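So you can see what is in the structure, the chains are spelled out below.
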Amino acid sequence: MRYWLMKSEPSEVSIDDLESMKTVPWYGVRNYQARNFMRDQMRVGDMVFFYHSSCAEPGIAGLAEVCKLAYPDETQFEEGKYFDPKATRENPRWYNVDVKFSRKIPLISISELRRHPELSNMRILQKGNRLSITPVDPLEWDYIKSNLLR
DNA sequence: GCCAACGTTGGC
DNA sequence: GCCAACGTTGGC
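**A few points about the protein's contact with DNA strand B**
- Neighbouring residues of DNA strand B: Tyr-32, Lys-127, Gly-128 and Arg-130.
- Each atom of DNA strand B within 4 Å of the protein was assigned to sugar, phosphate or base; sugar and phosphate come to 71%.
- Here Lys-127 contributes a side-chain N or O atom positioned 3.3 Å from a phosphate oxygen of DNA strand B.
- Residues of the surface near DNA strand B, tallied by class, amount to one nonpolar, one polar and two charged.

The structure is reproduced here in structure tokens:
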């Protein structure tokens, strides 16, 4: 079982949206590295920190779980901002897993995360990091669960 | 709104 | 295959 951190803009899909929808396809990823994590490494049962990005209070807002293996992202075929003219049904370019709500937590802000030297290697805290899906080291996962999660 | 960092694109 | 230009991300 692996651990992940997945960024979502709350104006798009927030932890409250996930709670009310129960499960959500993680559509719209258009970065190859992030796609590869979903397509090649995520398994059902993997645990996820649900992270709010590009908002007033960025940080970990909840816990979720991978509940369906990667399959072609439907939005690449549809009109709209995620449409990809180079993608075909025979040759899809983008994939997504489904993610299931686990629980909401009191926000662990990015500034709070930065306060802990134990977490200083987390991808999310590195300067210039823009990757929307990153693996979380099991030690970092446990540290956050036992020290920062209420 | 700014801007640093980084990924992608496309001309050569 | 290089690399400049451009677009996007995301914290601040």
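**Thoughts on the side chain of Asn-96**
- Structurally, Asn-96 is set in strand β5 (residues 95–109).
- Given a relative accessible area of 1%, Asn-96 falls into the buried group.

**A short note on the protein's contact with DNA strand C**
- Near DNA strand C, the surroundings consist of Lys-7, Tyr-51, Ser-54, Pro-58, Ile-110, Arg-114, Asn-129 and Arg-130.
- Counting only the atoms of DNA strand C that lie within 4 Å of the protein, the sugar and phosphate share comes to 72%.
- Side-chain polar atom of Tyr-51 to a phosphate oxygen of DNA strand C: 3.0 Å apart, as the coordinates give it.
- In the surface near DNA strand C, the residues fall into three nonpolar, two polar and three charged.

**Notes on helix α4 (residues 138–147)**
- Among the residues making up α4, those that are buried are Glu-140, Trp-141, Tyr-143 and Ile-144. Around the axis of α4, the buried residues are gathered within 165° of arc, so they sit on the same side. In α4, the exposed positions that point more than 90 degrees away from the buried face belong to Leu-139 and Ser-146.
- Of the surrounding elements, those touching the buried residues of α4 are β1 (3–8), β3 (47–52), β4 (59–72), β5 and α3 (110–114).
- Two or three places before Leu-139, at the opening of α4, Asp-137 has a side-chain oxygen 2.7 Å from that residue's backbone nitrogen.

**Here we look at the pairing of β3**
- With respect to burial, β3 is a largely interior element, six of its six residues being buried.
- Burial along β3 is two-sided: Met-47, Phe-49 and Tyr-51 and Val-48, Phe-50 and His-52, pointing in opposite directions, are all buried.
- Across six bridges, β1 lies against β3 in parallel orientation. Within the sheet, the bridge partner assigned to Trp-4 lies in β3 and is Val-48.
- Examined bridge by bridge, β3 and β4 share six bridges and lie antiparallel to one another. Among the inter-strand pairings, Phe-49 is bridged to a residue of β4, identified as Leu-63.
- In this antiparallel pair of consecutive strands, β3 and β4, the connection spans six residues, and Ser-54 shows a positive phi of 50°.

Basis of the calculations
- Residues numbered from 1 in each chain as written.
- Chains lettered and ligands numbered in written order.
- Predicted model: local features only at pLDDT ≥ 70, side-chain atom pairs only at ≥ 80, totals over all residues.
- Heavy atoms only, no water.
- Near = heavy atom within 4 Å.
- Polar contact = N/O pair within 3.5 Å; in protein donor to acceptor, adjacent residues only side chain to side chain.
- Nonpolar A, V, L, I, M, F, W, Y, C, P; charged D, E, K, R; others polar.
- Helix = DSSP H or I, 4+ residues; strand = E, 2+ residues; numbered from the N terminus.
- Buried < 20%, exposed > 50% of the residue type's maximum accessible area, 1.4 Å probe, protein only.
- Arc of directions from axis to C-beta.
- Contact = heavy atoms within 4.5 Å.
- Pairing = 2+ DSSP bridges.

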